[in-house]
Amino acid sequence: GKLVLATHNPGKVVELAELLGPHGLEVVSAGSLGLPEPDETETTFIGNARLKALAAATASGLPAISDDSGLCVDGLGGAPGIYSARWAGPGKDFAVAMARVNDELGDKSRTAHFICALCVAWPDGHSEVVEGRVDGTLVWPPRGGNGFGYDPMFLMDGQAQTYGEMTRAEKEADNHRARAFRQLVALLPARPA
Ligand code: ITT
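Residues numbered from 1 in each chain as written. Predicted model: local features only at pLDDT ≥ 70, side-chain atom pairs only at ≥ 80, totals over all residues. Heavy atoms only, no water.

Asker: Explanation requested: the overall build of the chain in the structure shown.
Answerer: Broken down by element type, the chain carries 5 helices and 6 strands. For the chain, the N- to C-terminal ordering of α and β elements is β-α-β-α-β-α-β-β-β-α-α. In summary, the chain has a C-alpha radius of gyration of 16 Å against a globular reference of 16 Å for 193 residues, a match within 12%. Overall size of the chain, expressed as C-alpha extent along the three principal axes, is 50 × 30 × 25 Å. Summarising the internal contacts of the chain: among those between residues at least 6 apart in sequence, 60% fall at separations of at least 24. Put simply, the chain shows about 8,900 Å² of open surface, and 54% of that area lies on carbon and sulfur atoms. (Helix = DSSP H or I, 4+ residues; strand = E, 2+ residues; numbered from the N terminus. Rg over C-alpha atoms; globule rule 2.2 N^0.38 Å. Contact = heavy atoms within 4.5 Å. Areas by Shrake-Rupley, 256 points an atom, 1.4 Å probe, with all protein chains shown as cover.)

Asker: Would you mind going over the nonpolar core with me for this structure?
Answerer: Most often, soluble globular proteins keep nonpolar side chains buried together rather than apart. In this structure, Leu71, Val73, Val101, Leu138, Tyr150 and Phe154 are the most contacted members of the largest nonpolar core, which totals 19 residues. Put simply, the parts of the chain that give this core at least two residues each are strand E3 (64–73), helix H3 (94–105), strand E4 (111–121), strand E5 (127–138) and strand E6 (154–156). For this core, the leading source of residues is H3, giving 4 residues. Once residues within four sequence positions are removed from consideration, Leu138 is found in contact with Leu71, Val73, Val101, Leu105, Arg110, Ala112, Met153 and Phe154. In terms of nonpolar packing, the next biggest core, distinct from the first, is built from 17 residues, Ala6, Leu35, Ala53 and Ile115 among them. (Core = buried A, V, L, I, M, F, W, Y, C linked by side-chain atoms within 4.5 Å. Buried < 20%, exposed > 50% of the residue type's maximum accessible area, 1.4 Å probe, protein only.)

Asker: Even after reading the chapter, I still don't get the site of the ligand, so can you show me in this structure?
Answerer: Near the ligand you find 22 residues, and of these Thr7, Lys12, Lys52, Asp151 and Lys171 are the closest. For the ligand, an oxygen atom lies 2.7 Å from a polar atom in the side chain of Lys52. Between the ligand and the protein, one listed contact pairs an oxygen atom with a side-chain N or O atom of Asp68 at 3.2 Å. Secondary structure elements with two or more residues in the shell around the ligand: E3 and helix H5 (176–187). The biggest single contributor to the shell around the ligand is E3, with 4 residues. Residue composition of the shell around the ligand, grouped by class: 5 nonpolar, 8 polar and 9 charged. (Near = heavy atom within 4 Å. Polar contact = N/O pair within 3.5 Å; in protein donor to acceptor, adjacent residues only side chain to side chain. Nonpolar A, V, L, I, M, F, W, Y, C, P; charged D, E, K, R; others polar.)

Here it is in structure tokens:
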């Protein structure tokens, strides 16, 4: 059946489409349906993921999958966290966002993790949510031009390359989004559209 991808972030669309592909679900984007971008008024990744998926499912009459994610930096008390997109400003400039993270960090702890909450919601208001996490450290200066967002400064534990230096296949093999997705897949057949 058809599924709405309830995100306006092109980097997420690429990764989620790749993850969903093998499951034979026909994906339509929120943008192509002209769905509005709801304000992210919740205080948790899971809360915002639910809000976005329910808004898209209700508006479209189709099941919808949303992604709320972000970078949590230990030396910054977990910031930018749910504000990760907002730190890039209206111009969505992640060079600026990464520089702000680095400036505010100074010599505080550079350990960090990415969180990805994925939600699938149905037009009748039912929803399921899962969360994936990947741990790492932050490098400076940023390395690599692949991926999106904070990828060039994130070095996953056990890796020599930042997400910005990895190929798409290398990053997608194991990250917060893929880890969340593995849990979500287990829930999908339980409630087909
Ligand atoms: P939607 O709400 O439309 O999905 P958004 O970009 O506003 O798009 P979020 O509110 O979830 O999404 O913000 C998450 C931000 O965290 C995102 O803009 C990235 O900068 C960052 N982020 C999330 N996953 C990432 C990843 O895999 N690599 C790098 N940065 C990531």
